[in-house]
Amino acid sequence: MYSTTRLDQAQVAVLASLAPGGVLSVECLARTAELTMWRTRNAVSKLRSRGLIVGRQRGGRGTWEITDRGRRTLSTRGRYYR
C-alpha cells in the first residue's frame, strides 16, 4: 500500500545528498543540501521516522545513511513511499 504523503523540498535534498552512498553528519548534510541546520534536522527527523534513512555511529558522532526504501522514494521524486 502506498501513502500519498509527499516529501518536502528539504527532505528530497537530504535524500539526494545521501544517494551517492555517503554517510554524513547533519552538519555535512546541511552544507551539501544548502539548507539551514533547523531545516536539515527537521528533514532528518521526518525521514528517519519514515524509515528512509538510518543513523550510524561513526567516531562518536551521529551520521546518517539512506536506506533502500529511501532510494526507491527518491527515484519517484518523493511522491510516494511504501
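That block above? That's the structure.
What counts as what
- Residues numbered from 1 in each chain as written.
- Predicted model: local features only at pLDDT ≥ 70, side-chain atom pairs only at ≥ 80, totals over all residues.
- Heavy atoms only, no water.
- Helix = DSSP H or I, 4+ residues; strand = E, 2+ residues; numbered from the N terminus.
- Buried < 20%, exposed > 50% of the residue type's maximum accessible area, 1.4 Å probe, protein only.
- Contact = heavy atoms within 4.5 Å.
- Areas by Shrake-Rupley, 256 points an atom, 1.4 Å probe, with all protein chains shown as cover.
- Axes fitted to C-alpha atoms, helices over the stretch in contact; angles between N-to-C directions.
- Parallel < 35°, antiparallel > 145°, perpendicular 65-115°, else oblique.
- Nonpolar A, V, L, I, M, F, W, Y, C, P; charged D, E, K, R; others polar.
- Core = buried A, V, L, I, M, F, W, Y, C linked by side-chain atoms within 4.5 Å.
- Salt bridge = Lys/Arg side-chain N within 4 Å of Asp/Glu carboxyl O.
- Left-handed = near helix turned anticlockwise from the far one by under 90°.

Colleague: Explain the overall build of the protein chain residue by residue, including any values.
Modeller: Within the protein chain one finds 4 helices and 2 strands. Order of helices (α) and strands (β) in the protein chain, N terminus to C terminus: α-α-α-β-β-α. Evaluated residue by residue, the protein chain yields a buried proportion of 35% over its 82 residues. Within the protein chain, residue pairs in contact and separated by at least 24 positions form 57% of the contacts whose partners lie at least 6 positions apart. Carbon and sulfur atoms provide 48% of the accessible area of the protein chain, an area that totals close to 5200 Å².

Colleague: Which residues make up the packing of helix H1 (residues 9-18) against helix H2 (residues 26-33), and what values do they have?
Modeller: The contact between H1 and H2 brings their axes to 9 Å, and the two run at 105°. Comparing the axis directions of H1 and H2 gives the class roughly perpendicular. Where H1 approaches H2, its residues Ala-13, Val-14, Ser-17 and Leu-18 are matched on the opposing element by Leu-29, Thr-32 and Ala-33. Across the contact of H1 with H2, the residue classes break down as 5 nonpolar, 2 polar and no charged.

Colleague: Explain the side chain of Thr-40 to me, using residue names and the numbers behind them.
Modeller: When you line up the elements, Thr-40 lands in helix H3 (residues 37-49). Sequence-distant contacts of Thr-40, that is, excluding residues within four places in its chain, are made with Val-14, Val-26, Leu-29, Ala-30 and Leu-35.

Colleague: Just give me the short version of the nonpolar core, but keep the residues and values in it.
Modeller: In terms of nonpolar packing, the biggest core is built from 17 residues, with Val-14, Leu-15, Leu-18, Leu-29, Leu-47, Ile-53 and Trp-64 touching the most fellow members. Elements supplying a minimum of two residues to this core: H1, H2, H3 and strand E2 (61-66). Tallying contributions element by element places H1 first for this core, with 4 residues.

Colleague: Kindly report on the pattern of salt bridges, identifying the contributing residues and their values.
Modeller: Two side chains bearing opposite charge may form a pair once their charged atoms approach each other closely. Inspection of every chain in the model, using the stated rule, returns 1 salt bridge. The partner of Glu-65 in a salt bridge is Arg-56, with the nearest N and O atoms 2.8 Å apart. The class for Glu-65 is partly exposed, based on a relative accessible area of 24%. Exposure remark for Arg-56: the relative accessible area of 42% places this residue in the partly exposed category.

Colleague: Describe the packing of H2 against H3, listing the residues and the values that go with them.
Modeller: Put simply, H2 and H3 touch, their axes get as near as 9 Å, and they point 110° apart. For the element pair H2 / H3, the angle class is roughly perpendicular. Along this stretch, H2 crosses H3, giving a crossing that reads as right-handed. Within the contact between the two elements, H2 uses Val-26, Glu-27, Leu-29 and Ala-30 and H3 uses Met-37, Thr-40, Arg-41 and Val-44. When the residues that make up the contact of H2 with H3 are grouped by side-chain class, the tally is 5 nonpolar, 1 polar and 2 charged.

Read these as spatial facts, not as claims about activity.
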